[in-house]
Each structure stands twice: as C-alpha cells, then as structure tokens.
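# Fold and geometry: a report
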Amino acid sequence: TPLSNYDLTQLRQVHAMQQSPRNEAVAFTINRPGDPLQAQNFAPLRELLWVDHHGEFHHLLERAMPIGQIAWSPDGDYIWFLAQQEGDSTVSLYRLSPQHPSAVKMVSHTTDIEGFNLHPDGTTLVFWATPPTQQNAIARIADAPAVNTLLYRVSIQDALPVQSSHPLIANQHIIRAQFSPDGQWLLITGSKDSSTDQRTTYPRLAIHKANGKLHRTLNTRGKVHTAQWSPDSKQVAFIGSATAFQPTWGELFITDRDKGEPRQLATQLQAQFRDIGWFGDSSLVGVVHQGTAASVVKLELDAPPDAMPHRLVDAQGIVSRLSTSPGANTLALKIHSPKHPSELFRWQRGKLQRLTVLNPWLDERRLAPQQVVDFDARDGTSLHGVVVALPTKDKTPRPALIYVHGGPEVHESNGWVTRYSQPVQVAANLGFVVMLPNYRGSSGRGYRFLTSGQGDYMGKEFDDILDARQWLIEQYNVDPTRVGIAGSSYGGYMASWAVTKHSTDFAAGVSAMGIANQVSKFGTTDIPSEMHHMHLLSEPWKQWTWLFSRSPLSHVNTANSPLLLLHGEQDERVPVSQSQELYRALLNGSDSPVRLVTYPGEGHGFASDPARYDFSRRQLRWFYHFLIEQHQQLPPIELPD
Ligand SMILES: CSCC[C@H](NC=O)C(=O)N[C@@H](Cc1ccccc1)C(=O)O
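Residues numbered from 1 in each chain as written. Predicted model: local features only at pLDDT ≥ 70, side-chain atom pairs only at ≥ 80, totals over all residues. Heavy atoms only, no water.

The name recorded for the protein chain in an unreviewed UniProt entry is Acyl-peptide hydrolase, from Fluctibacter halophilus. Among the UniProt annotations of the protein chain, the heading Function (unreviewed entry) holds the following wording: "This enzyme catalyzes the hydrolysis of the N-terminal peptide bond of an N-acetylated peptide to generate an N-acetylated amino acid and a peptide with a free N-terminus. It preferentially cleaves off Ac-Ala, Ac-Met and Ac-Ser. Also, involved in the degradation of oxidized and glycated proteins." (UniProt positions renumbered as here; feature names shortened; annotations may be inferred.)

As enumerated under the stated definition, the model contains 22 salt bridges in all. The salt bridge involving K223 is made with E530; its shortest N-O contact spans 2.5 Å. With K223 in the loop between β15 (214-217) and β16 (227-229) and E530 in helix α8 (residues 528-536), this residue pair connects regions lying 307 residues apart in the sequence. Taken individually, K223 and E530 each receive the classification buried, so the pair is uniform in this respect. Here R440 makes a salt bridge to D379, at a shortest N to O gap of 2.9 Å. Residue R440 is located in the loop between β31 (433-438) and α4 (447-450), and its partner D379 is located in the loop between β28 (370-376) and β29 (382-388); the two are separated by 61 residues in the primary sequence. (Salt bridge = Lys/Arg side-chain N within 4 Å of Asp/Glu carboxyl O. Helix = DSSP H or I, 4+ residues; strand = E, 2+ residues; numbered from the N terminus. Buried < 20%, exposed > 50% of the residue type's maximum accessible area, 1.4 Å probe, protein only.)

Turning our eyes to something else, we now look at the site of the ligand. By nearness alone, 15 residues border the ligand, and G407, S489, E530, M531 and R573 come closest of all. Considering the ligand on its own, with 490 Å² of exposed area, one finds that the protein chains cover 83% of that surface. Element by element, the count of residues in the shell around the ligand is highest for α8, at 3 residues. Class assignment of the residues belonging to the shell around the ligand gives a composition of 5 nonpolar, 6 polar and 4 charged. (Near = heavy atom within 4 Å. Areas by Shrake-Rupley, 256 points an atom, 1.4 Å probe, with all protein chains shown as cover. Nonpolar A, V, L, I, M, F, W, Y, C, P; charged D, E, K, R; others polar.)

Once that is clear, we can look at the sheet that holds strand β3 (residues 46-51). In a beta sheet, neighbouring strands are held together by backbone hydrogen bonds and run either parallel or antiparallel to one another. With antiparallel pairing, 4 strands are arranged side by side in an open sheet as β1-β2-β3-β4. Strands at the two margins of the open sheet, each flanked by one partner only, are β1 (14-19) and β4 (57-59). Strand-to-strand twist of the sheet, defined as the mean angle between neighbouring strand axes without regard to direction, takes the value 25 degrees. Bridge count for β1 against strand β2 (residues 26-31) is 4 bridges, and the pairing is antiparallel. Bridge assignment links M17 to a residue of β2, and that residue is F28. (Pairing = 2+ DSSP bridges. Axes fitted to C-alpha atoms, helices over the stretch in contact; angles between N-to-C directions.)

With that settled, the discussion passes to the nonpolar core. Core analysis: the biggest nonpolar cluster contains 48 residues, and F462, L472, Y490 and F506 have the highest contact counts within it. For Y490, the residues in contact, after removing those within four places along its chain, are H405, G406, G407, P408, Y439, Y457, M458, E461, I515 and M531. Grouped together as the second largest cluster of nonpolar side chains are 37 residues, L390, W416, A427 and F432 included. (Core = buried A, V, L, I, M, F, W, Y, C linked by side-chain atoms within 4.5 Å. Contact = heavy atoms within 4.5 Å.)

What follows deals with the pairing of strand β6 (residues 79-83). The buried count for β6 comes to 5 of 5 residues, which makes it a mostly enclosed element. Residue alternation in β6 divides its side chains into two sets, I79, F81 and A83 and W80 and L82, and both sets are buried. Relative to β6, strand β5 (residues 67-72) runs antiparallel, the two being bridged by 4 bridges. Paired with I70 across the strands is F81, a residue of β6. Connecting β5 to the next strand, β6, in antiparallel fashion are 6 residues, including G76 with a positive phi near 80 degrees.

Before going further, it helps to examine helix α10 (residues 577-589). Over its 13 residues, α10 runs 17 Å from end to end, which matches the ideal 18 Å to within 8%, given 1.5 Å per residue. Q578, S579, L582 and L586 are the residues of α10 that are buried. One face of α10 carries all of its buried residues, which in axial projection span an arc of 90 degrees. The outward face of α10, more than 90 degrees from its buried face, is lined by the exposed residues R584 and N588. (Expected span 1.5 Å × (residues − 1). Arc of directions from axis to C-beta.)

If you want it as structure tokens, here you go:
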C-alpha cells in the first residue's frame, strides 16, 4: 500500500528526551496523533514515557496532554515536566516518580511557566515566566516596553502551588537558565527584550552567581543555540556563530567560566553543530550535520582548534539530538532515516541500539527509494540534494516536483523528509519524481556556503533551483513541461518567484506562507532586523526599488502557471497579507489560475491536524490536477472525500 496523506497525520515521533543522571534510563515524550477530521485545540498532545535499563517501556500518564520541557531530578528519583492539565489555568510544573507514577503539581504561576531548571542539591529550582501584567485592551502602543520573561527561584520543600512574585533576574528577557553542576552559578541565555527579532537574532550568554548577581557576559558574536556547563563547572561549551552576520548558528565554542574570549573548536569542519554534551571535563560530544549526512563526533579539548573531531557513532540515519549525563559514556539519541521518522536510540559501550518502533505499520507501506544526489550549478558550485522516486521501466517522461526548503538557512538531510507541508513519499507514490535541493545559503556546509547567497535575494540561490530542475530533467527522464515547485516561507517565496518570473519553466506551484513583496514584508514581519542584517546585509530603505524587483509581486505580468497560495491567518513571520497581495494581483493582472486558502488560528507552521491534513491534500491535489491530469482550469473548491 502506498503511504497516504491520512497516514502522515498518524505518524508518532519522539519529541523531547533526556537520559537519567544514573545513565540507565531515558525519559521521553512522543506526539499523540489526532483525528484530522475533528476540530481540536492547537496545543499538540504528547505522551510521557520512560525506558528502563532493560529496555522496557513504561507510560507515565494515563492521558496524553500538552507537555513541554521534561527533566530528571538530579538524584534520578523524579521526572519533572511542564504541562497544562485539565483545570489548570496556566502551564504548570509537575513531577512524578517513575516507580509510582502519579503526577503532583509542584509550581504554578499567574502566567504560563516557560521553562525550568533544578538546582543540583534538589532543594530549589528556577523557572521563567512573564510577570502578571495588565494589557491595555483598547490600544496597543508599538513603542511600549515589551513584557519580558523573568527568572524566579523557589524552594522545592514548600511544594505547593507557588505564586512567586520576586524575580531573581528581572533586567532582561530570559530564554533559558542552567545551574552549574556545583550549584554555585547560573548560565543565562537572555535577550534585551522579548521581541522575536531580539530573541532569535541577538541572544546573549552570561554567567551569574546562583543568587542572580551578574558575574560576566560571554562575548558571543551572533545567533546562539544550546550552551552546556562542563561537569566541573569551570567551562561552558556552546553552539554559536563565527560572525554577527552569520544567518544561523552552527560553530562550536568553549570558554572559561571566569575569563577570556570564547575559543572556536573544529574550525576546519565545513558543517553545522546541532547539539552538544560533555563526556567528562575534557571532552565533548557533538551532533554534526554535514551536507545531507549527520554523525556524532568526539572532541578532545586539548586538541588544536583545527583538529578534525573523531566520529563516535555510526548512526545509519540522521541524528538530530543527543542527551548525555554527568560522567557517562552512554548517549540517548533521536534519529530519523529515509525509512522512519524520529525514534529513540541508545549508544552504549560502542554499540547503537534502537529503543522505539513507534510506527510498526510503516513496514506495510510502500516507500519509494531515496537517494542523495550531487550536481553542479552553472557557476561550477557543487550542490547536493535528495531525490525520491519509484523505479520504473516506462520510457515516458515523468512529472516532477521540486520542494524548496525555507530559511534559507536550513537544509535537507538524507533522513525522513516527508511531512504535512512536503508529503514527499505520497507524491512519489503518485508517480512524481521528487527533488529537495540544498541551494546556496543552506546550512550544513560551513560558513562560506551559508553566506554565499547574501545580498542577492532570488539571484544565484534561485539559479541553483533552475540548475536543479535542468539536472533532474536530464537524469531522471522528467518531462520539462510538467515540473511543479512547492515550498513554505522562504521556500514559498521561491515557489511564487518560479511561477511568476519563470513561468515557462514551472508548470504549477504551491506557495505556503510565502513572501510576495519584500517591501511590505519589512514593515509587517516579526523579524525585520534579522532578514536584512543577516541576509540582505543592507538597510531596506536604501533599496526599495531593488527589493520590489526581487519580489514575485513585480513579475505578475509574466505569470501564467497555476499557483495555489496557502497561509495561516495568524502568521506573524510572513503575514497573510503577503499571500493576499499576490492573489489579488494574479487574479486581476494575469492569466494564471490562482487560488488562496487561508487557515484561521494557524501561524507560521500549522499546529492542528485538520489544517495540516487539508494542507497536504490540497497541495497534492493541485499538482495531480495540473501535472498528471493536465487540466487548464482550477480544480473544484472542495477536496474529494
Ligand atoms: C527555519 S530558520 C528560519 C529563520 C529565518 N530567519 C530569517 O531570515 C526565517 O524565519 N525565515 C523564514 C522566511 C522569512 C525570512 C525573513 C523574514 C520573514 C520570513 C522562513 O523561511 O521560515
């Protein structure tokens, strides 16, 4: 049986995972698939489980609920988690003993608790949440100070509900806080304020005393991802950026707690560090994504900065996260592959063991073969991608779909690439040759490649898509008149650009949450600085005309391929007005068949199963209608039963 769009809504995947401090057990959450035909809440439901050292699973809660962060207590006796149970007015902090699971509410606050960290002595914890504030319900003032998330410290003995009102740190927005293993220090990831631009683009790392007093600020350069204390509390390792203009994090740094500049490690690696952990006080383990592959590597801190790390785990899949515990030579890993979405694995004594099989029914589904491919762009740059296609002996040229990833600073790996927004396996089973190219500007190939599309929206980066298309036509016997293109956000921008400016090359497009007008987007997105400081490298008001010329909206006159626009009505990153602008222009100013579908309550990435299901079905129906059945007119409004 081929994989269906409905099957996609039923896939279970590992979400969060944490290895216990005693090494032998792992706590983890998995998403609980919903019914895509029933209206539902937007918060995803998750199950909480643990797997013991015999590899046996135990469900810890009777019902699935919206579960956030999970953590073991330092003694390994309890699992703590954030959830909003029935009757809770806010997201609260719970704990349970894996031996006698019955969840006890430990901390609640007047607002949602966003994260927490337990002191190693087990007596106190910190959590972060916004203070109770009164919103002006009548008028919103753009330059009014943003409400920041503050850090609170509470004693666990007083287990209660705590209504804490005296913040430990209140002069910035708290993104994360971690006690050092000796309990004396707090590593704070924060930002000037809670605006999305500040949080994602300009986060800061600082070391505070455990009483909240600032010890020192770490000199980070741009975006920062995870940061981890060494077991002896003397050093901090973090994944950051080499320059302030690096579009995303991915470099590994180490710094002393008390002095000195952060020192970059593994400088020769043209790759992206995605996660790190400590193996003792003098070595680190890291998840490294390189091209379309991933590995787990080990680094000795006394090695020269340009030393290549040594590969520790042969994962046969794409490792996305790891979890270590103090002094352990054991890892919990989250891994996906072309054959399965994220599953839980354990690496112990040099051996990798798969612990979960969350979708055994996938074995009964036909999955099309997936291949990593390499090809050259017109300027000689070597590019990678993934192709998924059913084998065929038929000599008739086939239709193709190119899925373009967003960002642009992410990349496709040779793992499980099928999701609601790009139902790759479903499309391949319908007879499409499917390609996912990593165009210039993608992550995973080092600083140069990551920054090589800067200042040139839809320039060389789009030439790469045209070159991918040409290569696919030649290598996979693709019909040049039946190539479709789809993507979300930056990928939606590319899809809209393709069917407007390059209508003759693309016979149909689906643009989800896509940018249509770079001029109006600047004034309406939640990340005005990021895009222009890390991609354009210039101020937009210095080049409005150029920006408009790089917008699909300015190429409506050359458009004649069908375009389906999908958009969440609450999208703050790329507001729905972007799709509305392009829809109106194409409807009135071109011969393109165009349809706009908006989804109430959904943002930049859909949360509810019914909306996701509608998205995948509409997208594939669109391509089937225009590229396989080769109709000229719009398909019916309603989807078939
Ligand atoms: C998936 S990492 C995305 C970070 C990126 N940041 C911006 O440059 C981003 O949000 N990209 C959007 C596209 C976009 C970029 C700038 C302003 C609005 C939208 C995306 O592709 O999701």
